[in-house]
Amino acid sequence: MNFIKNIVTKSLSFKVLIPSASRVILAYHDVSTANSPHFSEHYSTEIERFREQIEFLQSNFEMVSLDEIVTKPKGNKRMVAVTFDDGFLSVKEEISDYLFEKGIPFAVFVNSTAIKENFLPYDLYPEIAVHHKAQVFLNVDDVKYLYNKGVTIGSHSSNHQCFANCDESALAVEIGGNKVFIEDLLGTKVEHLAIPYGKKEHFNKTALEYGWSVGHKYIYATNPVYFSEPFPEYSLIPRIGITNQTAEELCFLINRPLVKKIDI
């Protein structure tokens, strides 16, 4: 059995096998060096590894913006969109220039508490909810800078709380409050919402309906599958979470739904 599993794993890591019209959204967080005080195996990608991943993606996909990948009419090219959750400063400081130079669009989902207080109270993972002396998250000026450079800024809740544990008043703070904060900051509508943690157990119908009711047209989970059609407005959209995988491991994650049904 292990022999067969190894053969399947190798075959899925060799080349991109998903259909030519497929779409993939990747969810990153922090991109920094391994000796950074906030670097974590839970959410970080090393800078050089990130560049290797981007080179692999450029060789196999058309790299498009978040808006394009959910609305662009069906074509024959595989498309990928790159997104970052939590609004880590490293996205701006370490890799934004690299992505700008390559002409690669990207999106950042931000949390108002992180922007204002340089801290996120991850309710499900208190061990990573650390008060750092140095700046770890984007501040107001950083978010404005990225937005003015053409980066899509989406919402990721005010405090990175699990929506499934939120009553209506808490959802008003986490979803509604964060949306208003970003819109006031940038003077633009926020239509994209990434669910904190993002698995099925982390949200419910009430949270989704509230998110859509306040004007989020597209809500993102972290169900790691590709999709083939543009999404209608008010949809739940999958993303594949990425950390420090090699190009071969990234290829495997993209191909994996071909042989394994995934709904998490």
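This is a predicted model, so every value here is computed, not measured. (Residues numbered from 1 in each chain as written. Predicted model: local features only at pLDDT ≥ 70, side-chain atom pairs only at ≥ 80, totals over all residues. Heavy atoms only, no water.)

*Asks:* So what about the overall build of the chain? Which residues, and what values?
*Replies:* A count of helices and strands for the chain gives nine helices and 11 strands. The C-alpha atoms of the chain give a radius of gyration of 18 Å, which matches the 18 Å a tight globule of 264 residues would have. For the C-alpha atoms alone, the extent of the chain along its principal axes is close to 50 × 40 × 35 Å. Every one of the 264 residues in the chain was classed for burial, and the buried ones make up 53%. Accessible surface computed for the chain: about 12,100 Å², of which carbon and sulfur atoms make up 51%. Between the centroid of the 26 positive side chains of the chain and the centroid of its 33 negative side chains there is a distance of 8 Å. (Helix = DSSP H or I, 4+ residues; strand = E, 2+ residues; numbered from the N terminus. Rg over C-alpha atoms; globule rule 2.2 N^0.38 Å. Buried < 20%, exposed > 50% of the residue type's maximum accessible area, 1.4 Å probe, protein only. Areas by Shrake-Rupley, 256 points an atom, 1.4 Å probe, with all protein chains shown as cover. Lys, Arg positive; Asp, Glu negative; His and termini not counted. Charge placed at Lys NZ, Arg CZ, Asp CG, Glu CD.)

*Asks:* Give me the side chain of Glu-174: which residues, what numbers.
*Replies:* Topologically, Glu-174 is positioned in helix α7 (residues 168–186). Engagement of the side chain of Glu-174 in a polar contact is seen with the side chain of Asn-159, the distance being 2.8 Å. When neighbours within four sequence positions are excluded, Glu-174 is seen to be in contact with Ser-157, Ser-158, Asn-159, His-160, Gln-161, Phe-163 and Cys-166. (Polar contact = N/O pair within 3.5 Å; in protein donor to acceptor, adjacent residues only side chain to side chain. Contact = heavy atoms within 4.5 Å.)

*Asks:* Now, about α7: what can you tell me, with residues and values included?
*Replies:* Its 19 residues give α7 an end-to-end C-alpha distance of 26 Å, which sits within 8% of 27 Å, the value for a rise of 1.5 Å per residue. The largest bend in α7 amounts to roughly 30 degrees and is located at Gly-176. Along α7, the residues classified as buried are Leu-171, Glu-174, Ile-175, Gly-176, Asn-178, Lys-179, Phe-181, Ile-182, Glu-183, Leu-185 and Leu-186. Contacts from the buried residues of α7 go to β6 (106–110), α5 (112–117), α6 (140–148), β7 (152–155), β8 (192–194) and α8 (205–213). Just beyond α7, the residue with positive phi is Gly-187, at close to 65 degrees. (Expected span 1.5 Å × (residues − 1). Bend = angle between axes of the 7 residues up to and from the residue.)

*Asks:* Give me the pairing of strand β5 (residues 79–85): which residues, what numbers.
*Replies:* In regular strands, side chains alternate between the two faces of the sheet. Taking burial as the measure, the seven residues of β5 include seven buried ones, the bulk of the element. Of the two faces of β5, the one carrying Met-79, Ala-81, Thr-83 and Asp-85 and the one carrying Val-80, Val-82 and Phe-84 are both buried. Here strand β1 (residues 23–28) runs beside β5; their pairing, made up of six bridges, is parallel. The partner of Arg-23 across the bridge, within β5, is Met-79. Strand direction decides the pairing type here: strand β4 (residues 62–63) and β5, joined by two bridges, are parallel. Each residue of the ladder has a partner; that of Glu-62, found in β5, is Met-79. The parallel pair β4 and β5, bridged by helix α3 (residues 66–71), forms a crossover whose chirality is right-handed. One ladder, built from four bridges, connects β5 with β6; its direction is parallel. Note on β6: the bridge partner recorded for Asp-85 is Phe-109. (Pairing = 2+ DSSP bridges. Right-handed = clockwise from strand over helix to strand, strands pointing away.)

*Asks:* Could you give an account of the environment of Gln-53, with specific residues and numbers?
*Replies:* Looking at the secondary structure, you find Gln-53 in helix α2 (residues 47–60). A relative accessible area of 0% means that Gln-53 is categorised as buried. Residue contacts for Gln-53: discarding those within four places in its chain leaves Tyr-28, Thr-45, Ile-242, Thr-243, Asn-244, Gln-245 and Leu-250.

*Asks:* Residues and numbers for the environment of Phe-181, please.
*Replies:* For Phe-181, the location among the structural elements is in helix α7. Overall, Phe-181 belongs to the buried group, its relative accessible area being 19%. Taking the C-alpha atoms as reference points, Phe-181 and Leu-12, separated by 169 residues in sequence, lie 42 Å from one another. Excluding residues that lie within four positions of it along the chain, Phe-181 makes contacts with Ser-112, Ile-115 and Lys-116.

*Asks:* Which residues make up the state of the cysteines, and what values do they have?
*Replies:* Going through the model one piece at a time under the given rule, you end up with zero disulfides. Free cysteine Cys-166: the closest other cysteine sulfur is in Cys-162, separated by 7.0 Å. In this structure Cys-166 comes out as buried when scored by relative accessible area, which is 16%. (Disulfide = S-S within 2.5 Å.)

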